[in-house]
Amino acid sequence: HCLAVRAVCQREIDCDRGNGYSWKITLLRNYWKSKVKQQWLSGKYSNIPSQFSLPEKSMYPMDVDTWGEILEAELER
C-alpha cells in the first residue's frame, strides 16, 4: 500500500519520511489524499457540469503544489 500511495504522492511521502514519520503514520496521513489525487489526475472530474455534480469524496485538503499538478494534467488533456 505504501508504494502505491507513493506512486501518486511521492513529494508528500518523501516529506513525511524526511520529517521522521513512520511508514504507518505516513500511510495514514496520505492514503485518502492519494485516492482523491489519482482520480483528479486520471481525468475523472474533467467534464463535470458544476461543482454540485462532484461526488462527496472528490475533495481532500491538498497543498498548492498538488493542485498545480492536477491543473497541469487538465491542461494537457
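The name recorded for the protein chain in an unreviewed UniProt entry is FBX48 protein, from Molothrus ater.

Moving on, we come to the pattern of salt bridges. The tally for this structure, following the rule as stated, stands at nine salt bridges. In this structure, aspartate 16 and arginine 29 form a salt bridge, with 2.9 Å as the shortest nitrogen-oxygen distance. Here aspartate 16 is found in helix α2 (residues 10-18), whereas its partner arginine 29 is found in helix α3 (residues 23-41), with 13 residues between them in sequence. On the accessibility criterion, arginine 29 (40% relative accessible area) is partly exposed. Through salt bridges with shared partners, a single network forms among Arg11, Glu12, Lys33, Lys37, Asp63 and Glu69.

Further remarks concern a nonpolar patch on the surface. Residues Tyr21, Ile25 and Leu28 make up a contiguous nonpolar surface patch of roughly 280 Å² in combined accessible area. When you line up the elements, tyrosine 21 lands in the loop between α2 and α3.

So, about the packing of α3 against helix α4 (residues 64-76). The geometry of α3 relative to α4 is characterised by a closest axis approach of 9 Å and an angle of 25° between their N-to-C directions. Classified by the interaxial angle, the pair formed by α3 and α4 is roughly parallel. The residues of α4 that touch α3, namely those facing Lys33, Lys37, Trp40 and Leu41, are Thr66, Trp67, Glu69, Ile70, Ala73 and Glu74.

What counts as what
- Residues numbered from 1 in each chain as written.
- Predicted model: local features only at pLDDT ≥ 70, side-chain atom pairs only at ≥ 80, totals over all residues.
- Heavy atoms only, no water.
- Salt bridge = Lys/Arg side-chain N within 4 Å of Asp/Glu carboxyl O.
- Helix = DSSP H or I, 4+ residues; strand = E, 2+ residues; numbered from the N terminus.
- Buried < 20%, exposed > 50% of the residue type's maximum accessible area, 1.4 Å probe, protein only.
- Patch = residues over 30% accessible without salt bridge, like charges linked within 9 Å, V, L, I, M, F, W, Y side chains within 5 Å.
- Areas by Shrake-Rupley, 256 points an atom, 1.4 Å probe, with all protein chains shown as cover.
- Axes fitted to C-alpha atoms, helices over the stretch in contact; angles between N-to-C directions.
- Parallel < 35°, antiparallel > 145°, perpendicular 65-115°, else oblique.
- Contact = heavy atoms within 4.5 Å.

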